[in-house]
Amino acid sequence: MKKTIFSGIQPSGVVHIGNYFGAIKQWVEMQNEADFSVFCIVDLHAITVPQDPTELKENIYKMAALYLAAGIDPQKSALFVQSSRPEHTELSWLLNCNTTMGELNRMTQFKEKSESKKDSVSAGLFNYPVLMAADILLYGATHVPVGEDQKQHVELTRDVAERFNAKYGQCFTIPEPIIKNTSARIMGLDNPLKKMSKSAASSNNYIAISDSADEISSKIKKAVTDSGQGITKDKDKPAISNLINIYAEATGMSVEDIEKKYSGKGYGDFKKELADVLIAYLEPIQNEYNRILQDKTALTQILTDGSSKIAGIAQATVSSVKEAIGLGL
Ligand code: ATP
Ligand code: LTN
């Protein structure tokens, strides 16, 4: 079967190493084995929560520059901005009418994000997973690389697609979430029991891709550790396990090899070397990012080309779905 990859990330504020290792880095690895890959800057998802218009526009460019700096190759993959293709909102409506309130009420991300402000969050935040389903199903994606927190949304996509196919005939390919072991959930440096998050209260929670060497060193130094000692991955040692995962992602070393290398050493030594490893890992990406971001005309061209490349696929999907439902003349 043809392997088609789809994934997206919101252009909202900081990008941290959780996003990078959990999502973007995997996409770069996967684009080489896929028949076709589509990577999207999901600005329509970003506006489910308030955004400043000037900052949003700037963040779209920043996200595009980061995708490219990370190694997304616009020759091999289509890189585009979600709002540039009207088929995303169109299919989203068609799917909304085939998704139940019950299904959306069960989405844990919505529950977490609307906690204590149920009546004031936007209706878009509630419908967010359906827009995500539309993104995936428009291009017949077979594989969707994401972090663990998005697994439930991909499962909803599968349910909606299967039900639609059963009701209206074969319209959609059923996608599979692809979640990598060591990077599925990079945890907060200040709280290893919760995922690293750009919406965290303190910037000590995360390492941003744009953090300077000094910031990286200081944040790793401050990162909480577990009681006891020893550099070993263990479910009773969530903090050090998280730091080992980050080390593994930045070096490509296996967890066992890392444990062997630091056997008999203390948290202090390990943290110092982890900071060095991360600084060296991020430096070339940061340099590329800064270079690419300077030429907005070139960036705009890449995004417009990406959007044109996939227009035919998106339009064909929407046409066949409308036809199946019995819409139009
Ligand atoms: P927020 O923390 O405000 O919910 P976010 O940091 O999760 O935002 P998104 O744009 O929602 O950012 O996520 C982009 C991608 O990064 C998704 O594939 C998501 O699964 C992945 N991701 C986000 N946080 C982590 C994390 N801590 N570990 C691994 N992957 C992550
Ligand atoms: N909801 C995702 C971003 C996203 C996405 C997608 C990921 C929007 N559409 C389609 C994979 C496939 C998030 O990371 N917050």
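Residues numbered from 1 in each chain as written. Chains lettered and ligands numbered in written order. Predicted model: local features only at pLDDT ≥ 70, side-chain atom pairs only at ≥ 80, totals over all residues. Heavy atoms only, no water.

A. Quick peek at the nonpolar core. Counting residues in hydrophobic clusters, the biggest one holds 62 residues, and the most contacted among them are Ile-17, Tyr-67, Ile-246, Phe-270 and Leu-278. Of all the elements, helix H12 (residues 267–293) adds the most residues to this core, at 11 residues. Not counting residues up to four positions away in its chain, the partners in contact with Tyr-67 are Gly-8, Ile-9, Trp-27, Phe-39, Cys-40, Ile-41, Ile-72 and Leu-79. (Core = buried A, V, L, I, M, F, W, Y, C linked by side-chain atoms within 4.5 Å. Buried < 20%, exposed > 50% of the residue type's maximum accessible area, 1.4 Å probe, protein only. Helix = DSSP H or I, 4+ residues; strand = E, 2+ residues; numbered from the N terminus. Contact = heavy atoms within 4.5 Å.)

B. Molecular detail of the site of ligand 1. In the region of ligand 1, 21 residues are neighbours, and Asp-149, Ile-186, Lys-195, Ser-197 and Ser-199 sit closest. A total of 590 Å² of accessible area belongs to ligand 1 in isolation, and the protein chains cover 96% of it. No other element matches the 4 residues that helix H1 (residues 17–31) contributes to the shell around ligand 1. Along the lines of polarity and charge, the residues of the shell around ligand 1 split into 6 nonpolar, 10 polar and 5 charged. (Near = heavy atom within 4 Å. Areas by Shrake-Rupley, 256 points an atom, 1.4 Å probe, with all protein chains shown as cover. Nonpolar A, V, L, I, M, F, W, Y, C, P; charged D, E, K, R; others polar.)

C. View of the packing of aromatic side chains. Counting across every chain of the model gives 13 aromatic pairs. On the numbers, 5.9 Å between centres and 80° between planes, the contact of Tyr-20 with Phe-21 is edge-to-face. Phe-21 matches Tyr-20 in its accessibility class, with the two residues each being buried. Between the aromatic rings of Tyr-247 and Phe-270, the centroid separation amounts to 5.5 Å while the plane-to-plane angle is 25°, which identifies the pairing as stacked. (Phe/Tyr/Trp six-rings, centres within 6.5 Å; stacked < 30°, edge-to-face > 60°.)

D. Structural context of unusual backbone geometry. Not every positive phi belongs to a glycine, and Ser-116 is a case in point at roughly 65°. Structurally, Ser-116 is set in the loop between helix H6 (108–114) and helix H7 (123–138). Judged by its relative accessible area of 81%, Ser-116 is exposed.

E. Up close: the packing of helix H4 (residues 87–96) against helix H13 (residues 296–325). Two elements in contact, H4 and H13, have axes separated by 10 Å at closest approach and are oriented at 25°. As summarised for this structure, H4 and H13 are arranged roughly parallel, according to the angle between their axes. As for how H4 packs across H13, the hand of that crossing is left-handed. Residues Glu-87, Glu-90, Leu-91 and Leu-94 of H4 touch H13, and the partners they reach there are Ala-314, Gln-315, Val-318, Val-321, Lys-322 and Ile-325. By residue class, the composition of the contact of H4 with H13 is 6 nonpolar, 1 polar and 3 charged. (Axes fitted to C-alpha atoms, helices over the stretch in contact; angles between N-to-C directions. Parallel < 35°, antiparallel > 145°, perpendicular 65-115°, else oblique. Left-handed = near helix turned anticlockwise from the far one by under 90°.)

F. Quick peek at the pattern of salt bridges. This structure, assessed with the given rule, holds 15 salt bridges. We note a salt bridge from Lys-180 to Glu-29, for which the minimum N-O separation is 3.8 Å. With Lys-180 in the loop between strand S5 (176–178) and helix H9 (213–222) and Glu-29 in helix H1, the pair connects residues that are 151 residues apart, well separated along the chain. Using a relative accessible area of 26% as the deciding quantity, one classes Lys-180 as partly exposed. The class for Glu-29 is partly exposed, based on a relative accessible area of 37%. Between Lys-322 and Glu-90 there is a salt bridge, with the nearest N and O atoms lying 3.1 Å from each other. Of this pair, Lys-322 sits in helix H13 while Glu-90 sits in helix H4, and the two are 232 residues apart along the sequence. Judged by its relative accessible area of 31%, Lys-322 is partly exposed. Members of the salt-bridge network, linked through shared partners, are Lys-25, Glu-29, Lys-180 and Glu-249. (Salt bridge = Lys/Arg side-chain N within 4 Å of Asp/Glu carboxyl O.)

G. Summary view of the site of ligand 2. Neighbouring ligand 2 are 13 residues, the closest being Gln-10, Tyr-128, Met-132, Asp-135 and Gln-150. A distance of 2.7 Å is found between a nitrogen atom of ligand 2 and a side-chain nitrogen or oxygen belonging to Tyr-128. Gln-150 is positioned with one of its side-chain polar atoms (N or O) 3.1 Å from a nitrogen atom of ligand 2. Isolated, ligand 2 exposes 360 Å² of accessible area, and the fraction of that covered by the protein chains is 92%. Looking at the shell around ligand 2, the elements that each hand over two or more residues are strand S1 (4–9) and H7. If you tally residues by element for the shell around ligand 2, the top one is H7, at 4 residues. (Polar contact = N/O pair within 3.5 Å; in protein donor to acceptor, adjacent residues only side chain to side chain.)

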